[in-house]
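One-letter residues, chain by chain:
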Amino acid sequence: MSYFFYKKQDTFLHRLDPRTKIVSLLLLFTIAAATREIYIQIVFMLSLIALFFASRSTGSLRRMGTLFGTIAFMTFILWLFFYDGRVKMFSAGPVVIYKGAFYFSALFALRFVNLLLSGLLFLSVASIEDFSDSLVLFGVPYGVAFTFSLSFRLVTVFATAGSAIVEAQKVRGNDPDRGGILSRIRSYVPLLIPLIINGIKKAEILTLALESKGFSPGNKINLKGKYKFTAYDALVICAMFALSAAAIAAALA
Amino acid sequence: MIELSALKYKYKNNLSYALNGVNLSINSGEKILIAGKNGAGKTTLSKILAGIIPLLEGHGAMEGEALYNSRPYSGYIYGELRGKISLLFQDFEGQIVSTTVKEELVFYPMNLGRTYGESLGAAKGLAADFGISGLLDRNIAELSGGEKQKTAILSLMTARPEILILDEPLTDLDPYSQEAALEMIKNFKGTLIVFEQSVDCYEYFDRILIMKDGALISGGGKETAGEVLSLDESGIGAPEIFRAAGGYFPSLKSACGAIEKNYIFDAEKYSRMSAEKISPAAIIQVKNLSFAYPGAPENALSGVSFEIKKGEFLAVVGANGSGKTTLMKIIAGIYPDFSGGEIYYNGVSIRRQMAPGRAGYVYQNPDNQIFSETVFDEIAFALRVKGAAESGVREKVNAIMKTFGLTDCSGADPFSLPKGDRQKVACASVLVTEPQVIILDEPTTGLDRNSYDALMEIIRDLNSRGRTIVAITHSMEAAAGFGDRILALSGGRVVYEGDKKKFFRDGALVKAANVKPTGLMEASMELNGNILLNYGEFAQCWRKK
């Protein structure tokens, strides 16, 4: 199974030039960070969810839904108690909730989730190669761009080694997914040694593999013909800039 | 083109020589097969020929001379060899650097400065030749082992190197894919050097060299594959057809002629040997099983029904990606969430609750299983997890180490052992809990003839003592040697379950399962229509005149 969210699909978002994807991601982050109105954050979140449907990437949402929900809930609870207002609304011993805390907590929770959803949408429609290629197309040296993407590649290396080891140990009665928290922690200890050994071995092989396939940090690669910046890309970037500008203007006002 | 004279190499000064006086001259355009058993020095030699030693892994001590285009390898910088010499690592999965097949195939040529269009054109052409055009847009993490191996081979060929070196390129390929890979590399325009543990694919090469203890001890043309005694001495073993015919023959027909001339068929023995055995009761029944990997568009298994009989030795065969490993992992309880169907263990449904210990699963790669500091602790792990008393643990571990011949390395670091012994440790560490059913995933992959024979003897012994054995294999020679029954899968469905001889005799069935009979099977059919599965059966039924 794949450890990435990206799945090759023939959708409008998938077909965008990788430069458009990366610029749009930055602008989506800007909109999420700048917006101070809850209702706009809600509209923004619904729009992002609609884009997940449009890009047939709801599988990513399903994979991360519980985690994002938990993060939103925890953010809301934490800000509820840590929001430092002027007028007390409720107090019980050391616990004080100020007026405006609910609004502020909900805004932060939504903002955080929208940032995460924007990132997830990007990861669902852009491959690792899209990411490193877009950096190259923006003029970042190939060696630097490739090094960025290498960290994602190593995720697969470790995740593959990890799942193989978990499987192999399950057969021998060490199931890390069973029992309480302490017993799970204990079960994970024997996984660490082979995971580290395998990970180091595979990372070492990966370095050799890259060299053996012609990679050198000083290489220049020719992406001519791989991507096409179309009118749609220009339109998407203009729309994203307009929305970001509006969000910033609203925030400043 | 390449000249090696009295070449010696050791990884550390306190270690013995990995290469011990290699003399080799390779001319441009040659197709060479270098065969040797585990530890013969093949991987070290492949790395030296590719320039990885001494240019990238230059920590060892090299003596003698190694020249590429009349210039010492040590005089190059590795960048000068890029695109000229390409090496497929034995660990081909570790050599894959991209996320999709298409990106992997264009990676090398693009890093040599070729345009995307040119690189993609080469990738598409080669993928079509190899029959993997349908994989181009697939995510590599979702491919089977064989599909990954094909991708790894092609990812080097797209760079069109002058010299292509492949270190055991066929290990994970099914028979048809092996043939396709060999046909493709045969048509490779440059110099080809392939390292293997056997000479089974001799017909695709101009020159065959035999390696033993770090040196090239003999060699010649295709006839080298028929030098049975010499190959046995080198721990490689000759193809069974040549063993039966008594030497090299260029065609099946001529080998059959030699057999007919020198041997006589004992029909009585054959009918006794081929008599159907009474089938025991089933220990595991699989009914209408379906399974899909999370997020996968199609089922990996659909409507699979079959039985594993108590105490039998069942071989599971099928093409790469046919669902063999998935099916057996479900039975072993590793993938518990199957979407449809039932599995019964001794008549009781075990859906989502196959307890460890009932079915032991031995992985293809022992390194994914090993983690303890000593061989003893590794084997004792499963017993200790179960909470067994230490005295009982010691007793059981010592007994199984004796069975596997591991007593002398009880205190050794398992990772320091040769691959054959690591495979034995992995096997022993599963079998120590005495599971009723033992599932072995490609137990013969990466093992030379001696290690293979030693492991199989132990497994057959366990089978004779009542253990049920299931062996997944893409080696038809191994399938022929395992037990009486066969389970053949294709596209996630069962195409045959039953007697092995009936299966291999039926050409349509064999084709449906995407497997191929061995040369010896074909020869025995050609001789008198009575199929013989392996050399053991041949020796019983054909007596010397």
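Residues numbered from 1 in each chain as written. Chains lettered and ligands numbered in written order. Predicted model: local features only at pLDDT ≥ 70, side-chain atom pairs only at ≥ 80, totals over all residues.

1. Points about the overall build of chain A
Line of reasoning, step 1. The helix and strand tally for chain A stands at nine helices and two strands.
Line of reasoning, step 2. Sequence-ordered secondary structure for chain A, helices as α and strands as β, is α-α-α-α-β-β-α-α-α-α-α.
Line of reasoning, step 3. With respect to the three principal axes, the spread of C-alpha positions in chain A is 65 × 55 × 30 Å.
Line of reasoning, step 4. A separation of at least 24 residues holds for 75% of the contacts in chain A among residues at least 6 apart in sequence. (Helix = DSSP H or I, 4+ residues; strand = E, 2+ residues; numbered from the N terminus. Contact = placed C-beta atoms within 7 Å.)

2. Re the overall build of chain B
Line of reasoning, step 1. Helix and strand counts for chain B stand at 21 helices and 22 strands.
Line of reasoning, step 2. Taking 24 Å as the expected radius of gyration for a compact globule of 545 residues, we find that chain B reaches 24 Å, a close match to that expectation.
Line of reasoning, step 3. Referenced to the eigenvectors of the C-alpha coordinate spread, the extents of chain B come out at roughly 70 × 60 × 50 Å.
Line of reasoning, step 4. Residues classed as buried in chain B amount to 53% of the 545 residues present.
Line of reasoning, step 5. The long-range share in chain B, meaning contacts at least 24 apart out of those at least 6 apart in sequence, stands at 69%. (Rg over C-alpha atoms; globule rule 2.2 N^0.38 Å. Buried ≥ 20, exposed ≤ 12 C-beta atoms within 10 Å, placed from the backbone.)

3. Quick word on the domain arrangement of chain A
Line of reasoning, step 1. When the domains of chain A are assigned, the result is domain 1 (18–127 + 231–246) and domain 2 (142–212).
Line of reasoning, step 2. Look at where the C-alpha atoms of domain 1 of chain A and domain 2 of chain A centre, and you get two points 31 Å apart. (Domains from an automatic or database assignment.)

4. Focus: the environment of Ala109 of chain A
Residue and element names in this part refer to chain A.
Line of reasoning, step 1. Checked against the element boundaries, Ala109 lands in helix H5 (residues 101–125).
Line of reasoning, step 2. Residues Ala109 and Asp84 lie 25 residues apart in sequence; the distance between their C-alpha atoms is 16 Å.
Line of reasoning, step 3. Ignoring anything within four residues of it in the chain, the contact list for Ala109 reads Ala72, Thr75 and Phe76.

5. Regarding the packing of helix H2 (residues 18–34) of chain A against helix H6 (residues 128–137) of chain A
All names here are of chain A.
Line of reasoning, step 1. Running from N to C, H2 and H6 point in directions that differ by 95°, and their axes come no closer than 8 Å. It follows that H2 is roughly perpendicular to H6 by the angle criterion. In this structure, H2 contributes Pro18, Arg19, Lys21 and Ile22 to the contact, and H6 contributes Asp130, Phe131, Asp133, Ser134 and Leu137.
Line of reasoning, step 2. Looking at side-chain class alone, the contact of H2 with H6 contains four nonpolar, one polar and four charged residues. (Axes fitted to C-alpha atoms, helices over the stretch in contact; angles between N-to-C directions. Parallel < 35°, antiparallel > 145°, perpendicular 65-115°, else oblique. Nonpolar A, V, L, I, M, F, W, Y, C, P; charged D, E, K, R; others polar.)

6. A few points about H2 of chain A
Residues and elements named next belong to chain A.
Line of reasoning, step 1. Here H2 contains 17 residues, and its C-alpha end-to-end distance of 24 Å stays within 8% of the 24 Å for a straight helix at 1.5 Å per residue.
Line of reasoning, step 2. Of the positions making up H2, those classed as buried are Pro18, Thr20, Lys21, Ile22, Ser24, Leu25, Leu27, Leu28, Ile31 and Ala32.
Line of reasoning, step 3. Contacts from the buried residues of H2 go to helix H3 (38–54), H5, H6 and helix H9 (231–252). (Expected span 1.5 Å × (residues − 1).)

7. Quick word on the sheet that holds strand S12 (residues 282–291) of chain B
All names here are of chain B.
Line of reasoning, step 1. Reading across the sheet, the four strands line up as S13-S12-S15-S16 and stay open at both edges, with antiparallel pairing between neighbours. Either end of the sheet is taken by a strand with one partner, and the two such strands are strand S13 (301–309) and strand S16 (348–349).
Line of reasoning, step 2. Of the pairings in the sheet, the one linking S12 to strand S15 (residues 340–345) comprises five bridges and is antiparallel in character. Looking across to S15, one finds that Lys287 is bridged to Glu342.
Line of reasoning, step 3. Each of S12, S13 and S15 touches helix H12 (residues 324–331); the most contacted strand, S12, lies at about 120° to it. (Pairing = 2+ DSSP bridges.)

8. Quick word on helix H7 (residues 175–186) of chain B
Line of reasoning, step 1. Across its 12 residues, H7 of chain B extends 16 Å between first and last C-alpha, which sits within 8% of the 16 Å expected from 1.5 Å per residue.
Line of reasoning, step 2. Elements that come into contact with the buried residues of H7 of chain B comprise helix H6 (145–157), strand S7 (163–167) and strand S8 (191–196) of chain B.

9. What to know about the confidence of the model for chain B
A low pLDDT means the predicted coordinates there should not be read in detail.
Residue and element names in this part refer to chain B.
Line of reasoning, step 1. The predicted model of chain B averages 87 in pLDDT, with 98% of residues at 70 or higher.
Line of reasoning, step 2. Within chain B, the lowest mean pLDDT, 80, falls on helix H16 (residues 449–464), and the highest, 95, falls on S8.
Line of reasoning, step 3. Across the predicted assembly, pTM comes out at 0.82 and ipTM at 0.80. (pLDDT = per-residue confidence, 0-100.)

10. Quick word on the environment of Lys88 of chain A
All names here are of chain A.
Line of reasoning, step 1. Relative to the helices and strands, Lys88 is located in strand S1 (residues 88–92).
Line of reasoning, step 2. Note on Lys88: 10 C-beta atoms within 10 Å, which makes it exposed.
Line of reasoning, step 3. For Lys88 and Val136, which are 48 residues apart along the polypeptide, the C-alpha to C-alpha distance reads 53 Å.
Line of reasoning, step 4. Once residues within four sequence positions are removed from consideration, Lys88 is found in contact with Val96 and Tyr98.

11. Comments concerning the packing of helix H4 (residues 101–111) of chain B against helix H5 (residues 116–130) of chain B
All names here are of chain B.
Line of reasoning, step 1. Contact geometry for H4 and H5: axes closest at 9 Å, N-to-C directions at 125°. One way to sum up the angle between H4 and H5 is to call them oblique. Classified by chirality, the crossing of H5 by H4 is right-handed. Judged by residue contacts, Lys102, Leu105, Val106, Pro109 and Met110 of H4 engage Tyr116, Glu118, Ser119, Leu120, Ala122, Ala123 and Ala127 from H5.
Line of reasoning, step 2. Per-class residue counts for the contact of H4 with H5 are nine nonpolar, one polar and two charged. (Left-handed = near helix turned anticlockwise from the far one by under 90°.)

12. Here we look at the pairing of strand S20 (residues 485–490) of chain B
Line of reasoning, step 1. The element S20 of chain B is extensively covered by neighbouring structure, given that five of its six residues are classed as buried.
Line of reasoning, step 2. Hairpin connection between S20 of chain B and strand S21 (residues 493–499) of chain B: a loop of two residues separates the two successive antiparallel strands, and Gly491 of chain B in this loop has a positive phi of roughly 55°.

13. Here's the deal with the nonpolar core
Note on soluble globular proteins: their nonpolar side chains tend to be buried together.
Line of reasoning, step 1. Tyr361, Ile379, Ala428, Ile439 and Ala488 of chain B are the most contacted members of the largest nonpolar core, which has 212 residues in total.
Line of reasoning, step 2. Aside from chain neighbours lying at most four places away, what touches Ala488 of chain B is Val317, Gly318, Val495, Tyr496, Phe503, Ala513 and Val515 of chain B. (Core = buried A, V, L, I, M, F, W, Y, C linked by C-beta atoms within 7 Å.)

14. What to know about the interface of chain B and chain A
Line of reasoning, step 1. Between chain B and chain A, the residue contacts involve 52 residues of the former and 44 residues of the latter.
Line of reasoning, step 2. Mapped by element, the contributors of at least two residues to the side of chain B that touches chain A are helix H3 (78–81), H4, H5, strand S17 (359–362), helix H13 (375–385) and helix H15 (419–431) of chain B.
Line of reasoning, step 3. The greatest single-element share of the side of chain B that touches chain A, amounting to five residues, is contributed by H4 of chain B.
Line of reasoning, step 4. Broken down by class, the residue content of the side of chain B that touches chain A amounts to 26 nonpolar, 19 polar and seven charged.

15. Considering the pairing of S21 of chain B
Line of reasoning, step 1. Here six bridges tie S20 of chain B to S21 of chain B, and the two strands are oriented antiparallel to one another. What sits directly across from Leu489 of chain B, in S21 of chain B, is Val494 of chain B.

16. Some remarks on the domain arrangement of chain B
Line of reasoning, step 1. The domains assigned to chain B are domain 1 (2–234) and domain 2 (370–434).
Line of reasoning, step 2. Taking the mean C-alpha position of each, domain 1 of chain B and domain 2 of chain B sit 35 Å from one another.

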